[in-house]
2 protein chains.
Amino acid sequence: MNDQASRLVDRPKPRLPRGLFDCTGKTLAIQQRLIGKLAEVYASYGFELLATPCIEFADALGKFLPDQDRPHEGVFSFADDDGQWLVLRYDLTAPLARYVAENYDSLALPYRRFQVGPIFRDEKPGPGRFREFIQFDADTVGAASMAADAEFCMLLADSLEALGLSRGDYVIKINNRKVLNGVLELIGIPDGAQGDAARLGVLRAMDKLDRLGIEGVAQLLGSGRKDESGDFTRGAGLAKSAIDRVLGFLQAAGGDRRAVCATLAELARGSEIGEQGAAELLEIDTILTAAGFALDRVRVDPAVVRGLAYYTGPVFEAELTFDIRGDDGRPIRFGSIGGGGRYDNLVERFLGTKVPASGVSIGVSRLASALEMSGLLSEKAVVGPVVVLVLDRDQMPRYQGMVSELRGAGIRAELYLGDGGMRAQLRYADKRGAPAVVIEGSNERATGIVTLKDMALGAERSGTIKSRAEWTKGDASQISVKRDELVRNVRAVLARSRA
Amino acid sequence: MNDQASRLVDRPKPRLPRGLFDCTGKTLAIQQRLIGKLAEVYASYGFELLATPCIEFADALGKFLPDQDRPHEGVFSFADDDGQWLVLRYDLTAPLARYVAENYDSLALPYRRFQVGPIFRDEKPGPGRFREFIQFDADTVGAASMAADAEFCMLLADSLEALGLSRGDYVIKINNRKVLNGVLELIGIPDGAQGDAARLGVLRAMDKLDRLGIEGVAQLLGSGRKDESGDFTRGAGLAKSAIDRVLGFLQAAGGDRRAVCATLAELARGSEIGEQGAAELLEIDTILTAAGFALDRVRVDPAVVRGLAYYTGPVFEAELTFDIRGDDGRPIRFGSIGGGGRYDNLVERFLGTKVPASGVSIGVSRLASALEMSGLLSEKAVVGPVVVLVLDRDQMPRYQGMVSELRGAGIRAELYLGDGGMRAQLRYADKRGAPAVVIEGSNERATGIVTLKDMALGAERSGTIKSRAEWTKGDASQISVKRDELVRNVRAVLARSRA
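No experiment lies behind these values; they were computed from the predicted model shown. (Residues numbered from 1 in each chain as written. Chains lettered and ligands numbered in written order. Predicted model: local features only at pLDDT ≥ 70, side-chain atom pairs only at ≥ 80, totals over all residues. Heavy atoms only, no water.)

### A short note on the relation of the copies chain B and chain A
Between chain B and chain A, which share one sequence, the superposing operator has a rotation angle of 180 degrees and an axial displacement of 0.0 Å; the RMSD is 0.1 Å. On the angle and the small slide along the axis, the relation comes out as a two-fold axis. Among all C-alpha atoms of chain B, that of B:Phe78 lies closest to the rotation axis, at 3.0 Å. Take the interface residues of chain B: 99% of them recur as interface residues in chain A, which is what a same-surface contact looks like. (Least-squares fit on C-alpha atoms with pLDDT ≥ 70 in both. Contact = heavy atoms within 4.5 Å.)

### Focus: the confidence of the model for chain A
It should be kept in mind that the predicted coordinates are not to be read in detail where pLDDT is low. Residue and element names in this part refer to chain A. Taken as a whole, chain A shows an average pLDDT of 88; of its residues, 91% reach a score of 70 or greater. Scored below 50 in pLDDT, residues 1-7 shows 3 contacts in the model against residues more than four places distant or in partner chains. Model confidence for the complex is summarised by a pTM of 0.87, with the ipTM given as 0.87. (pLDDT = per-residue confidence, 0-100.)

### Quick notes on a negative patch on the surface
A cluster of acidic side chains, namely A:Glu185, A:Asp191, A:Glu272 and A:Glu275, defines a negative patch on the protein surface. Tracing the backbone through its elements, the reader meets A:Glu185 in helix 6 (residues 177-186). (Patch = residues over 30% accessible without salt bridge, like charges linked within 9 Å, V, L, I, M, F, W, Y side chains within 5 Å. Areas by Shrake-Rupley, 256 points an atom, 1.4 Å probe, with all protein chains shown as cover. Salt bridge = Lys/Arg side-chain N within 4 Å of Asp/Glu carboxyl O. Lys, Arg positive; Asp, Glu negative; His and termini not counted. Charge placed at Lys NZ, Arg CZ, Asp CG, Glu CD. Helix = DSSP H or I, 4+ residues; strand = E, 2+ residues; numbered from the N terminus.)

### Digging into the packing of helix 6 (residues 177-186) of chain B against helix 11 (residues 272-290) of chain B
All names here are of chain B. In the contact formed by helix 6 and helix 11, the axes pass within 7 Å of each other and the chain directions differ by 155 degrees. In terms of orientation, helix 6 and helix 11 fall into the roughly antiparallel class. Judged by the sense of rotation from one axis to the other, the crossing of helix 6 with helix 11 is left-handed. Along the contact surface, helix 6 presents Lys178, Val179, Asn181, Gly182 and Glu185, while helix 11 presents Glu272, Ile273, Gly274, Gln276, Gly277, Ala278, Glu280 and Leu281. (Axes fitted to C-alpha atoms, helices over the stretch in contact; angles between N-to-C directions. Parallel < 35°, antiparallel > 145°, perpendicular 65-115°, else oblique. Left-handed = near helix turned anticlockwise from the far one by under 90°.)

### Looking at the environment of B:Arg11
Mapped onto the elements, B:Arg11 comes out in the loop between helix 1 (3-10) and strand 1 (23-24). A C-alpha to C-alpha distance of 35 Å links B:Arg11 and B:Met396, two positions 385 residues apart in sequence. Among all residues touching B:Arg11, those that are not within four sequence positions of it are A:Arg349, A:Phe350, A:Leu351 and A:Gly352.

### Comments concerning the interface of chain B and chain A
Interface size is commonly expressed as the accessible surface area that is lost when the partners come together. Between chain B and chain A, the residue contacts involve 93 residues of the former and 92 residues of the latter. Per-residue buried area on chain B facing chain A is highest for B:Pro14, B:Arg15 and B:Leu417; these three make up 9% of the total on that side. In this structure, the connection of chain B to chain A is made through 16 salt bridges. The partner of A:Arg18 in a salt bridge is B:Asp81, and the shortest N-O contact between them spans 2.7 Å. Across the side of chain B that touches chain A, the residue classes break down as 50 nonpolar, 18 polar and 25 charged. (Buried area = accessible area lost by both parts, 1.4 Å probe. Nonpolar A, V, L, I, M, F, W, Y, C, P; charged D, E, K, R; others polar.)

### Re the domain arrangement of chain A
For chain A, the assigned domains are domain 1 (25-374) and domain 2 (385-498). Centre-to-centre separation of domain 1 of chain A and domain 2 of chain A, based on C-alpha positions: 53 Å. (Domains from an automatic or database assignment.)

### Topic: the sheet that holds strand 8 (residues 170-176) of chain A
Strand order in the open sheet formed by 9 strands is 11(A)-8(A)-12(A)-13(A)-14(A)-7(A)-6(A)-2(A)-1(B), with mixed pairing between adjacent strands. One side of each edge strand has no neighbouring strand; the edge strands of this open sheet are strand 11 (298-300) of chain A together with strand 1 of chain B. Here strand 2 (residues 48-51) of chain A runs beside strand 6 (residues 111-120) of chain A; their pairing, made up of 2 bridges, is parallel. Each residue of the ladder has a partner; that of A:Glu48, found in strand 6 of chain A, is A:Arg113. With respect to the sheet, helix 11 (residues 272-290) of chain A is in contact with strand 8, strand 11 and strand 12 (314-325) of chain A, its orientation differing from that of strand 8 of chain A by roughly 145 degrees. Those strands touched by helix 13 (residues 364-374) of chain A are strand 7 (132-141), strand 12, strand 13 (331-342) and strand 14 (357-363) of chain A, and its axis lies near 145 degrees from that of strand 13 of chain A. (Pairing = 2+ DSSP bridges.)

### Regarding the side chain of A:Arg15
Checked against the element boundaries, A:Arg15 lands in the loop between helix 1 (3-10) and strand 1 (23-24). The buried category is assigned to A:Arg15, whose relative accessible area is 18%. Within the structure, the side chain of A:Arg15 is placed 3.1 Å from the side chain of B:Gln84, a separation counted as a polar contact. With residues near it in sequence (within four places) discarded, A:Arg15 still touches B:Glu56, B:Phe57, B:Asp59, B:Ala60, B:Gln84, B:Arg98 and B:Glu102. (Buried < 20%, exposed > 50% of the residue type's maximum accessible area, 1.4 Å probe, protein only. Polar contact = N/O pair within 3.5 Å; in protein donor to acceptor, adjacent residues only side chain to side chain.)

### Section: the pairing of strand 17 (residues 436-439) of chain B
The side chains of a regular strand alternate between the sheet's two faces. Residues and elements named next belong to chain B. Every second residue of strand 17 is oriented toward a common face, with Ala436 and Val438 on one face and Val437 and Ile439 on the other, all of them buried. Bridge count for strand 17 against strand 18 (residues 449-454) is 4 bridges, and the pairing is antiparallel. By the bridge assignment for strand 18, Ala436 is matched with Asp454.

### Here's the deal with unusual backbone geometry
Most peptide bonds take the trans form, and the phi angle of most residues other than glycine is negative. Omega for the bond connecting A:Leu109 with A:Pro110 falls within 30 degrees of zero, at -10 degrees, which places this linkage in the cis form. Within the secondary structure layout, A:Pro110 lies in the loop between helix 4 (93-102) and strand 6.

This is the structure in structure tokens:
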């Protein structure tokens with residue numbers, strides 16, 4: 001086989017693995033603005049930036065992903081050359097626990113950090129479910145106080161409003177795993193490791209309330225549920241009275257936070273852990289109220305469970321409550337765009353001593369796409385640079401000189417670097433969103449002038465141009481200016497197009 | 001084994017795999033500023049932001065790493081559940097080629113994009129050599145013109161000056177692989193695939209000029225070289241006359257760019273590809289000169305080779321030329337902090353048609369640490385938030401109210417969330433770099449006042465405080481203000497500490 005033929009056969013397909021995606025243009029611009037805004041709010045709360053690598057030791061991160069029955073499932077892993085297992089981080093919390101444990105003696109505790117970066121999940125991708133995506137986290141490590149948890153609810157609410165959401169467009173929901181554990185204890189599922197499997201079954205059932213409704217959850221708490229496709233999911237096997245108690249808990253959400261806390265205290269009465277959980281929620285409520293965060297921003301909702309296995313106390317969730325019309329005209333509800341909770345055992349895994357911690361995480365792409373579709377964090381069509389066209393290839397240095405002059409004056413500018421003709425170059429400038437193009441042919445050069453075209457004004461004509469002569473004739477979108485006065489005149493066009 | 005004991009035995013060590021690192025505080029702040037500045041300059045050149053995932057198909061990225069004799073070496077790879085090989089990207093150029101090929105019909109060509117993100121190399125880590133680090137890239141795809149290559153030299157120079165480097169603190173060096181290939185052709189190494197292995201041997205030898213000097217390179221071009229430890233590296237096996245020709249080429253660097261181009265043209269005379277390479281360099285020189293980029297910014301240097309295998313024409317390198325004293329007082333030379341070149345075949349791998357391209361890449365951590373050590377991109381000690389101390393735990397909601405009020409007024413503020421006493425809280429505030437702390441004890445509360453402490457003024461006293469009474473007595477760094485006038489007074493302290 002000769003070189004040419006072998007190349008044809010071996011040619012790779014340009015494609016991405018499933019669940020992975022590129023991000024460009026307006027979508028990426030909104031994502032960047034979102035990250036910038038969140039960083040501002042988080043810094044105003046006193047959080048400090050940290051960056052940790054994507055790769056970590058498998059044993060250091062541990063396994064706390066939701067719905068993972070088999071080891072390594074959900075996590076991309078590979079062996080290092082000395083045989084130790086490495087993984088791609090599946091969140092930003094487990095690496096933080098590793099970081100704090102590693103630097104425990106030198107950190108100012110409580111350690112308050114924020115971090116943004118890609119995380120990786122080796123899962124079956126689906127709509128809105130990706131294998132690599134960007135998370136934005138804030139955590140406080142070394143604070144047992146419920147004030148830390150209350151603060152994260154405020155942080156979420158303030159962040160969403162800083163991004164342009166109105167009160168009522170979102171709600172922060174809080175719950176406490178301890179209340180749930182108390183209720184489970186009362187129906188015979190023991191607190192601690194022995195009850196883990198049974199508790200997980202109940203949690204998973206509860207987590208499906210949004211999707212399956214109360215009837216579906218009841219089936220999953222009992223003997224099991226057959227879905228529309230006929231697939232059967234085994235249930236948690238609870239007795240009728242136990243199911244009723246869990247459903248009562250699940251439906252205790254309502255208005256006034258203090259009233260919900262009282263209901264929860266009632267449901268958990270007799271379980272020490274459960275009563276403690278209800279008292280903690282009440283403490284959070286008091287702080288939120290003092291800080292001016294009323295029910296229109298933060299609610300108590302026992303249906304909030306959060307998937308991760310490491311939560312030990314309060315859990316919270318930020319939900320968008322407005323509908324958006326999709327491309328097909330149907331309403332889309334975005335739902336949860338982030339959340340978090342208290343994880344008092346994560347650093348203890350390393351150090352053996354209790355290090356209480358709590359934190360919150362926002363899914364950047366998910367929130368950005370909600371903001372993009374709702375037009376709330378609007379980003380005008382990306383404005384391109386001024387493009388200097390190349391009419392005579394042997395004058396390249398001259399055209400480059402113009403570009404340098406414009407850039408020197410603080411104007412975004414580029415030289416056309418392709419090999420298309422006049423028409424292709426104008427089409428390029430148009431596609432790039434160039435506000436203006438600069439044209440110098442041999443006639444202009446001889447007389448010391450250049451032509452400026454205002455692309456906004458001339459947009460409608462550009463498609464129909466046949467020749468340079470036709471293009472030049474009677475077009476208000478273009479003016480002839482002295483080469484010496486290029487910068488001043490480009491500035492004038494830019495000012496006009498911005499107005 | 002009981003639960004407790006098993007936990008003790010299983011406790012993981014908090015550590016990172018070798019070649020990976022966390023980034024915090026001032027270093028991270030400088031890195032962030034660096035990325036922001038580069039993004040500004042790149043946008044002013046008309047480049048557009050793109051984000052691609054860290055994970056790609058192995059066959060889509062191909063293997064173009066330097067010094068890789070064995071398949072997969074240098075690249076982290078793992079099998080997907082359908083058996084296809086995935087890799088972590090080892091640069092940002094190969095993913096760009098995949099992206100352009102995948103979206104070829106919809107892109108405005110030439111496509112000019114910039115991108116910043118982590119890349120991964122599964123190599124033996126060493127000093128300044130990491131397995132995960134951040135690169136900042138710009139590329140132009142679809143431009144055969146040397147104006148594209150000239151532009152990257154300007155972009156590198158402008159970027160370094162935007163970061164605060166003076167002319168003379170850096171140099172951009174250009175070369176052309178074609179000239180080298182021409183010289184090799186003249187000494188009997190054929191252009192094209194048959195000559196690949198021999199050419200690679202010569203390139204590797206040349207690339208070691210900085211480290212081994214001209215004598216070491218001569219040995220590696222010939223029979224081989226034994227290093228100080230006695231290890232023998234086999235050489236490229238060239239004859240004496242061939243070695244002299246390569247060394248002549250390598251040492252052709254000098255002053256005036258046109259003169260060096262003429263020397264190179266002379267050395268390559270008789271080889272079509274070599275003469276073409278010299279002509280291309282001359283073209284780049286002409287454009288650079290027209291744009292005002294003289295020899296104090298961009299030089300022609302035939303010793304620049306660049307390690308990656310995909311370069312086909314001009315290559316460039318940005319080098320810092322100033323020395324910095326290390327902690328041990330010895331001078332440190334940073335050398336190359338980035339570079340790039342033309343790679344006309346990378347997109348062709350996918351599409352089968354020629355798509356000329358060129359680009360440049362900067363190592364963010366390397367450049368940031370050079371700027372940090374040189375003090376050029378200075379970042380003041382990170383200023384922390386105002387800390388509201390907690391003297392009476394049952395007044396938490398009240399303290400939180402103060403924090404909310406400060407934040408509402410645009411002041412970075414936080415509540416102390418740990419469980420330390422007064423002294424520990426002041427130590428915390430000091431360690432966080434808090435400009436001021438707010439203190440309200442029961443006496444103050446009763447009379448409607450709070451105490452503000454200016455941490456800058458009071459820094460020297462905080463270590464020796466024994467009691468609240470002692471602390472309060474005659475300290476100019478603290479003032480009593482009305483609780484109602486908290487915000488105004490905190491602002492005054494902040495203004496003073498900033499002055």
